[in-house]
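Close look at the chain arrangement
Residues per chain, in single letters:
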Amino acid sequence: MTPRKISIIAAALFALLIVSGKGSSFISIVGPGGENKNLDQIKKITRAVYLIQQNYYDPRRIHPDKMLREGLFTLSKKIPEMLVEFPETGVGLFAVSIGREKTEIPIPVVHKLFDILPPAAETFSFLQKNYRGKVTVDEEEYAFINGMLETLDPHSNLLTPEVFDEFKTQTEGEYGGIGIVVGIKDDELTVIAPLEGTPAIRAGLKTDDKIIQIDDLLTVNMSLSEAVERLRGKVSSRVTLHLERKNHNPFEVTLVREKIIIESVWGKALTAGEKRIAFLRVRSFQEDTYADLEKEFEKIKAAGPVDGIILDLRNNPGGLLDQSLLMADKFLDSGDILFTVGPNNADEEITRAQRGNDATTEPLVVLVDSGSASASEIVAGALKRNDRAMVMGMQTFGKGSVQSLFNLKDGSALKLTVAQYLTPKRISIQAVGITPDVLLAPSIIEEEAFDVVEGEGFGEKSLEEHLENPEYIQQTKPFYSFHFLDRPKKEEETDKTEYTLKVDEKNDFILALALKVLAQTGEVNRDKMLEQIRPLLEKEAGGQDQLITQALKQKNIDFTRDGGPESHSGHPAGGPAAPAALGFSSRFLDKATNKPATAINAGDEVVWTVTAKNEGKIDALRLVGVVKSENPLIDGREFVFGRVKGGESREARVTLKIPDDIISFAEDAKIEFVSDNRGVIPPLSVVTQFVEKPKPVFTWRYRLFDNGSEGSSGNGNGLVEKGETIALMVTIRNESPNPASDVAVNLKNTEKKSLIPLTSGRVILPSIDPSAESQARLAFRIPADFAKTEAELELSVRDKATRAGFEDELTFFLGGSAKTPASPLPDTAQVLPHIQITSQMSAANRQFLDLTGQAEDDRALKDLIIYAGGKKIFYQANPVDRPAKIMPFSARIPLEEGANFIAIEARDNRDLSARKVISVMGTPKKAYVSQSPPQADALP
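Below: a short report on this structure. Given the structure is predicted, the values throughout are model-derived calculations rather than measurements.

Overview of the packing of aromatic side chains
Here the structure, examined in full by the defined rule, presents 17 aromatic pairs. Where Trp700 meets Tyr702, the ring centres are 5.8 Å apart and the plane angle is 25°; that geometry is what we call stacked. An identical accessibility class is assigned to Trp700 and Tyr702; each is buried. Among the aromatic side chains, those forming a connected cluster through ring pairs are Trp700, Tyr702, Phe780, Phe806 and Phe812. Here Arg892 stacks its cationic end above the ring of Phe848, 4.9 Å away from the centre of that ring.

Examining the sheet that holds strand 34 (residues 649-657)
With antiparallel pairing, the three strands of this open sheet are ordered in space as 29-31-34. With one partner strand each, in any of the chains shown, strand 29 (582-590) and strand 34 form the two edges of the open sheet. Within the sheet, the average angular offset between the axes of one strand and its neighbour, ignoring direction, is 20°. Where strand 31 (residues 605-614) lies against strand 34, nine bridges are found, and the strand directions are antiparallel. Within strand 34, the residue paired with Trp608 across the bridge is Val654.

Regarding the nonpolar core
Grouped together as the largest cluster of nonpolar side chains are 84 residues, with contacts concentrated most on Ile52, Leu311, Val366 and Leu414. Once you skip the residues sitting within four places of it in the chain, Leu311 turns out to touch Leu280, Val282, Leu293, Met327, Phe331, Leu364, Val365, Val366, Leu367, Val379 and Leu383. Core analysis: the next-biggest nonpolar cluster, separate from the first, contains 36 residues, Leu218, Val730, Val763 and Leu795 among them.

Description of helix 1 (residues 43-55)
End to end, helix 1 covers 18 Å across 13 residues, agreeing with the expected 18 Å (1.5 Å per residue, within 8%). Taken together, the buried positions of helix 1 are occupied by Lys44, Ile45, Thr46, Arg47, Ala48, Val49, Leu51 and Ile52. Next to the buried residues of helix 1 lie helix 2 (64-78), helix 3 (117-130), helix 4 (137-150), strand 23 (401-407) and strand 24 (413-423).

Section: the packing of helix 9 (residues 321-330) against helix 10 (residues 375-385)
Where helix 9 meets helix 10, the axes come as close as 9 Å, and the angle between the chain directions of the two elements is 25°. Taken together, the axis directions place helix 9 and helix 10 in an arrangement best described as roughly parallel. When the axes of helix 9 and helix 10 are compared, the crossing they make is right-handed. Across from Leu321, Ser324, Leu325, Met327 and Ala328 in helix 9, the residues of helix 10 making contact are Ala375, Ile378, Val379, Ala382 and Leu383.

Conventions and cut-offs
Residues numbered from 1 in each chain as written. Predicted model: local features only at pLDDT ≥ 70, side-chain atom pairs only at ≥ 80, totals over all residues. Heavy atoms only, no water. Phe/Tyr/Trp six-rings, centres within 6.5 Å; stacked < 30°, edge-to-face > 60°. Buried < 20%, exposed > 50% of the residue type's maximum accessible area, 1.4 Å probe, protein only. Lys NZ or Arg CZ within 6 Å of the ring centre and 35° of its normal. Pairing = 2+ DSSP bridges. Helix = DSSP H or I, 4+ residues; strand = E, 2+ residues; numbered from the N terminus. Axes fitted to C-alpha atoms, helices over the stretch in contact; angles between N-to-C directions. Core = buried A, V, L, I, M, F, W, Y, C linked by side-chain atoms within 4.5 Å. Contact = heavy atoms within 4.5 Å. Expected span 1.5 Å × (residues − 1). Parallel < 35°, antiparallel > 145°, perpendicular 65-115°, else oblique. Left-handed = near helix turned anticlockwise from the far one by under 90°.

Written out as structure tokens, the structure is:
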């Protein structure tokens, strides 16, 4: 199966109510020794515990001991110097250390969630006494709370004040701005889509315009959230953009901000034969979505009679519950819409149709896909199970839980799952989704990759800790299903259409089929509509099957069927499947040399060939092999053989383009086979060995100018002062035996309040040979009214191909206000620590890894940290009074089933860090689950 980019927007999948927290913000708890423990220093955690205990949907999922552990583990990832160690038995004492300071805290006897507060308070008290880093107390509490919530379900979490403000903007659907969607493409702030009817459209902004500067601030290395914050502002205020456009001179525009209303519904009258169809696409459920739907529908009706309706909910991630109920009600004259059940499925609220308006008499088709979630599933489920509409498309996401927001006093909010909704007849969709009446599976046939076997897809069930409600789950089958030949969208097409409501009815097969359905039926009842269009579906299925067969024939693959009438499940209609008589072999070839490749190297292009030999006399029909692997580079890839005649051998190939930044990864992958006329076919096990590329190692130094040279301006005393423009000449040296190419040297403003404008913040160095140096000139300006006595910036250097590089902090003490003018000092080489692993890494299928090695630095090491399975499991600090340049380490690392990714990080006494990531296979995994790509920067 060809890997696809599935765009599921992170949206507000919440309930009706945003609840403000009430009650005391202070709770007194009796500790283990009977003493009264004051929890005033963990107010947010205390409040969160209270809200979880009082409001969480499924009390059976509240495991206080697990929540305490995960809260502490998540907190330790936030604070580099912190390590938490629990005994294997789970009883006794757990240890918390900060650097070389350590304390032991009793593990509470847990009866209720409040019992975790005393040890949490004791941990935070220890942090307050011993931690002197940059993580604030608020950030510490946020981390602990999110760690607790991760144990409950994927949709319960804490929204920081900044995230909560953005959420309110999204759900309210309006803000002061210029009307563009922006993103980071090729490391540049880019216009993804200007929104219709906004200042951006009127000023002529276009997709792919590069925003170089916002007012007087360069956008180089500006975070996306910061850029959005600066583009938005008060209504009637002005913002000036400096833009670059392909085949166009750089230009500048000044725009006046307006109230931007994010339209969530788009309507258009379409033609189906002689009928006039109202097409209504709903992108998300915001505060005004139902009103927008009414407006668009009335506009279509005003221009002429409507003979049918298509409600397009594809890629609709949900939103506000009340809007979905209103929308479902619009199309129903009676019946249940939604059942909402509370904790332990005890409390039940029923929402019934009651409006009975003028949208209940036209035939209705609802379009859905795997991106249809939550509120959009409520609408589709209500219309389907009241027999009001035919649902067409792909299996939906399967989010059947309801979240409420509880405001905290500091502007943050706790998002908790408080209920689960059931569609009519009390059927849950949680982790199952809505099964379309007409299930359509896209088949993609590209130059070197195929997708002709329907996979499970990504949905709620793919998320860790997802909720399940087996009491109300009812598995349903589609009325009809078939594959259709789909044209893969290019990335630029996806970028341009993701944020627009318009669709291409000519090239959208699912929409085109919906129009054909409505051209042939006038039925309002779903069951009658389905029976009436069965001949149409059979004709379309046969036509699409022929298109797929013809497309594969052009690839010299015979995908024809034998044996007369067949079901579209892929098996002949008559008789059992014949027994398998197939043998398989596999090999890898270097595409450039066509020679066998025993290992797959980063940066290579490899042809993976699988040979199928039919050892029987009966032809194998439509034979396809699907890779099952924990490596997403190969998981889901398909080997399409088609017909393999009796006594014949046939090859199928997959071309793999290996990224430069992969880490070494060894695994016994499996290829599972399916065929139209074969029974169970034993899978083929294939040894895969991916080998990482040696990466460049950089050192760096800088020289400072304030004398008018190199674009600087100042008094020339060599100190950074207010009102000056400072030039930095940064020298990058490649210390490795491998060349580096397209090395990006970036300067980033890390100040949150006192901004430092960058006048030159990014330089690309085309290449740096081994043992060679290259220079990049960067520049920044210190405003005359700068509020602080020191200026902080971040320098990053990154090789584009391998992503090897580093980040380092620069602090300039303005006007020599400290003993040293800057950290690090000018003309002083900065060298990253070096990590070497000395233990054997080749063995597999084990429960532990004994990892040994050493870290080394040119000056002095600060500490060494090891992460495994997303948790920090090892910390070793150097003595502060006598830091060593070499630090040996030895750690026993517990391994999970399947692939384990382990990150080792070493920091020097300036917090300049180096990381090394390794992969190790644990005991065999029962089922393969695709994970994130094993990339060098995939660290906690």
